[in-house]
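Descriptive structure summary
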Amino acid sequence: MSSKGLTAALRAIEGLEVTPDAPLGSTTTLRVGGAAELLVHVFDRAALKLLLAAVAEFGADLLFLGQGANVVVPDEGLEGVVARLKGDFVSYSFEGDGVRAGAAVPLGQLARRAAQRGLVGLEALGGFPATVGGSVWMNAGCYGTETSAVLRSVELMARDGSTILIGPEDLQPGYRSTSLQSGDLIVIEAVFALEPGDSKAALARLDELNRRRWQSLPSGRPNAGSVFKNPEGDAAGRLIEDCGLKGLVHGGAQISEQHANVIVNLGDATAGDVVALMRAAREAVEKRFGVVLEPELRLLGRLSGSV
Ligand SMILES: Cc1cc2nc3c(=O)[nH]c(=O)nc-3n(C[C@H](O)[C@H](O)[C@H](O)COP(=O)(O)OP(=O)(O)OC[C@H]3O[C@@H](n4cnc5c(N)ncnc54)[C@H](O)[C@@H]3O)c2cc1C
């Protein structure tokens, strides 16, 4: 790709904010990794279409990020364009017993606003860092609820700029998985189907679930939540803990002493440190229990497939 040519082309598009060589790791919850060759903030649909056309023309890599709460950015950074949705994508509106939300809306904020209006259904999904887009793409879930279970529809944009409206079943939702993970469609909007309920009780539930959530996670250290998916009928954290790996340190990263399925950044961790701990945990669990753990964290760029 001609980075200069692409930068100039993107800078000419209204509704985009373009930053070359933008530190990226520090904008993720784990706080590891290098810079994006080009970081692009996208403020509306028209600009998104033009971004897609320019990226196709220059043959550049393109990756969308939400809050960066489930990703590991490689230490050498990411080539091509990393895009984050802003502006129009951060707006939402209540429609009867549903809420239509742009892909960049923080899910926790949406859950609270819905509860305040006496609309229930999102409380269990309000306690972890996520955008609407990231949680739809991941089928994020907690306390027995998954994102797909409260969705009415999802609007996607394809790389040719066309939009597609799908229902939750079209996502083929599974445990932290959707059909979106094997393609390059972009989540631009979602409509959640909620139910009328008691506002006070919904807010109390949201607070109680949040409190429980944060009690079970390491506090004060950057992390990205669960590292591995739980194997059927078991917990990845138990398996890792039973291998004696709780507290294991590699460089600046540690398998949390509080929760063995979480890796924390002690202050100066690299993506390499995180990957080394993931490999150590995976190998130990396979050796001791014959169980192959599958990463829940998305290892980006050159790290893809490295664990
Ligand atoms: C403290 C903590 C607790 C957590 N607890 C939970 C939990 O209980 N349950 C749970 O499921 N997860 C949990 N997570 C993980 C994380 O919060 C979820 O996976 C969340 O859905 C990630 O959302 P995001 O916006 O940060 O997505 P990102 O991490 O930015 O992206 C995740 C993936 O989605 C893709 N993506 C993001 N936005 C779009 C878009 N608009 N279009 C297309 N692709 C997109 C990205 O390319 C990436 O591959 C936790 C994380 C932390 C830090």
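**Section: the overall build of the protein chain**
Helix and strand content of the protein chain: 7 helices and 18 strands. In terms of C-alpha radius of gyration, the protein chain reaches 20 Å, essentially the compact-globule figure of 19 Å for 307 residues. When the backbone C-alpha atoms are referred to their principal axes, the protein chain occupies close to 55 × 55 × 30 Å. The buried share of the protein chain, taken over its 307 residues, is 50%. If you average the places of the 29 positive and of the 36 negative side-chain charges in the protein chain, the two averages end up 4 Å apart.

**Concerning the pairing of strand 5 (residues 78-85)**
Burial of strand 5 is extensive: 7 of the 8 residues sit out of reach of the surface. Bridge count between strand 2 (residues 35-42) and strand 5: 6 bridges; the pairing is parallel. Bridging from a neighbouring strand, H41 pairs with R84 of strand 5. The pairing of strand 3 (residues 62-65) with strand 5 spans 4 bridges and is parallel. Bridged to L63 within strand 5 is V82.

**Considerations on the sheet that holds strand 15 (residues 249-250)**
As summarised here, the arrangement of the 3 strands in space is 15-16-17, forming an open sheet in which the pairing is antiparallel. Because the sheet does not close on itself, it has two edges, and the strands there are strand 15 and strand 17 (263-265). Looking at chain direction, strand 15 and strand 16 (residues 253-255) are connected through 2 bridges and run antiparallel. Note on strand 16: the bridge partner recorded for V249 is Q254. Strands in contact with helix 7 (residues 271-289) are strand 15, strand 16 and strand 17; relative to strand 16, the strand with the most contacts, it is inclined by about 25°.

Reading the values: rules and limits
- Residues numbered from 1 in each chain as written.
- Predicted model: local features only at pLDDT ≥ 70, side-chain atom pairs only at ≥ 80, totals over all residues.
- Heavy atoms only, no water.
- Helix = DSSP H or I, 4+ residues; strand = E, 2+ residues; numbered from the N terminus.
- Rg over C-alpha atoms; globule rule 2.2 N^0.38 Å.
- Buried < 20%, exposed > 50% of the residue type's maximum accessible area, 1.4 Å probe, protein only.
- Lys, Arg positive; Asp, Glu negative; His and termini not counted.
- Charge placed at Lys NZ, Arg CZ, Asp CG, Glu CD.
- Pairing = 2+ DSSP bridges.
- Contact = heavy atoms within 4.5 Å.
- Axes fitted to C-alpha atoms, helices over the stretch in contact; angles between N-to-C directions.

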